[in-house]
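Coordinates in review
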Amino acid sequence: MSATNCNVRVLRQSAPAPDIRRLTVALPRDAQMPHAGQFYMLRAWAANESPVLSRPISVHDMDPEEGSLTFLYQIKGEGTQKLAALAWGDTLTITGPCGNGFDVAAAAKAGKVAVVGGGIGTAPLLLLCKQLADAGCKPDLMVGFRDKTYGLDEFVPFCGKIDVATDTGALGHHGLVTDLLDPTAYDLVLTCGPGVMMRGVAKLCFAAHTPCLASLENKMACGLGACLGCTCHTKVGPKTVCKDGPVFPAEEVFEL
Ligand code: FES
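Criteria and cut-off values
Residues numbered from 1 in each chain as written. Predicted model: local features only at pLDDT ≥ 70, side-chain atom pairs only at ≥ 80, totals over all residues. Heavy atoms only, no water. Helix = DSSP H or I, 4+ residues; strand = E, 2+ residues; numbered from the N terminus. Contact = heavy atoms within 4.5 Å. Pairing = 2+ DSSP bridges. Axes fitted to C-alpha atoms, helices over the stretch in contact; angles between N-to-C directions. Buried < 20%, exposed > 50% of the residue type's maximum accessible area, 1.4 Å probe, protein only. Right-handed = clockwise from strand over helix to strand, strands pointing away. Salt bridge = Lys/Arg side-chain N within 4 Å of Asp/Glu carboxyl O. Expected span 1.5 Å × (residues − 1). Arc of directions from axis to C-beta.

Here we look at the side chain of Thr178
Here Thr178 is to be found in the loop between strand 10 (173-174) and strand 11 (188-192). When sequence neighbours within four positions are dropped, the list of residues in contact with Thr178 reads Met197, Gly200, Val201 and Leu204.

Quick word on unusual backbone geometry
Here Ser50 and Pro51 are connected by a cis peptide whose omega angle stands at 0°. The residue Pro51 is located in the loop between strand 3 (39-43) and strand 4 (55-63) in this model. Here the bond from Gly96 into Pro97 is cis, since omega is -5°, no more than 30 degrees from zero. Here Pro97 is to be found in strand 6 (residues 91-98).

Considering the sheet that holds strand 6
Reading around the barrel, the six strands line up as 1-2-5-4-3-6 and close back on themselves, with antiparallel pairing between neighbours. For this sheet, the mean inter-axis angle between neighbouring strands, taken without regard to orientation, is 45°. Looking at chain direction, strand 1 (residues 4-17) and strand 6 are connected through six bridges and run antiparallel. In the strand pairing of strand 6, Thr4 is matched with Gly96.

Here's the deal with the sheet that holds strand 11
Taken together, the seven strands give an open sheet; going across it, the order is 10-9-8-7-11-12-15, and neighbouring strands pair in mixed fashion. At either end of the open sheet lies a strand with only one pairing partner, and these are strand 10 and strand 15 (247-249). Examined bridge by bridge, strand 9 (residues 162-166) and strand 10 share two bridges and lie parallel to one another. Residue pairing in the sheet places Thr166 in a bridge with His174 of strand 10. Along the sheet, helix 4 (residues 195-208) makes contact with strand 7 (113-118), strand 11 and strand 12 (212-215), crossing strand 11 at roughly 170°.

What to know about the pairing of strand 8 (residues 140-145)
The buried fraction of strand 8 is high, at six of six residues. Side chains Asp140, Met142 and Gly144 of strand 8 all project onto a buried face; the interleaved residues Leu141, Val143 and Phe145 project onto the opposite face, where all are buried too. Crossover strand 7 to strand 8 through helix 3 (residues 125-134) is right-handed.

Focus: the environment of Leu127
Within the fold, Leu127 resides in helix 3. When the C-alpha atoms of Leu127 and Met62 are compared, they prove to be 7.3 Å apart, with 65 residues separating the residues in sequence. Look past the residues within four positions of Leu127 in its chain and what remains in contact with it is His35, Ala36, Val59, His60, Asp61 and Met62.

Observations regarding the pattern of salt bridges
One pass over the structure, following the stated rule, counts eight salt bridges. The residue Glu154 makes a salt bridge to Arg22 at a minimum N-O spacing of 2.9 Å. With Glu154 in the loop between strand 8 and strand 9 and Arg22 in strand 2 (residues 20-26), the pair connects residues that are 132 residues apart, well separated along the chain. Note on Glu154: relative accessible area 28%, which makes it partly exposed. For Lys82, the salt bridge goes to Glu78, with nearest N and O atoms at 3.8 Å. Taken as a pair, Lys82 and Glu78 lie in helix 1 (residues 78-84) at a separation of four residues, close to a single helical turn.

Points about helix 4
Compared with the 20 Å implied by 1.5 Å per residue over 14 residues, the 20 Å span of helix 4 between its first and last C-alpha is a close match. Residues of helix 4 that are buried include every one of Met197, Met198, Val201, Ala202 and Cys205, and no others. For helix 4, the angular spread of the buried residues around the axis is 135°, confining them to a single face. When the buried face of helix 4 is taken as reference, the exposed residues oriented beyond 90 degrees from it are Val196, Phe206 and Ala207. Tucked inside the fold, the buried residues of helix 4 contact strand 7, strand 11, strand 12 and helix 5 (250-253). A positive phi of about 60° marks His209, the residue just after helix 4.

Set out below in structure tokens:
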């Protein structure tokens, strides 16, 4: 199904960490619901206002009963600063759901699943863990943060074990999240986070012959596969991260 534009109303916005925001919006009743790993282009300013481009933000959570979608994002520039200024009752435009997301039904049938995330790359992993758990496959979660964690309580009902690594050693393992992953213990690894981290995860999985799917981030303009601005080079030729991805088999997109 194709992405559509919706004007939506803000239900709430909170700050789980100083530079992180959790934004929940009400979806129109007839809107298509996303699946894990898909994203929306968000815009809370007029077409002639700066920044020119809308902001691609992955779906963190959704509540079909409330009819809401939640986005978790980091404040990084002008666009996300404008999103962070939104409050209850304000409106914004969202375009989506975009991208292919994770094939949750296939992943749930794979066997034992590990989900590995880093920093704001954990944003799409809540809905992923939730949908996997709903499909009868509670994954183990391994997450890395620089210093402080955010939002992990929400994962607890949907995961097996949850292991944390921090760069500073403030919480959990002092070191890399890849130190926590033994891919030989899993039938499938799903990952989202910084490129260096995902490449490390992909390398471990490749060596252990464990399939790995990675959700990539890239600068995006249209979010719909039209401008080719997010093209990445893969082993099977150029692909758009927004439309062909953002989820790819890791061995297609990383040098291993
Ligand atoms: Fe335009 Fe991906 S952002 S093709």
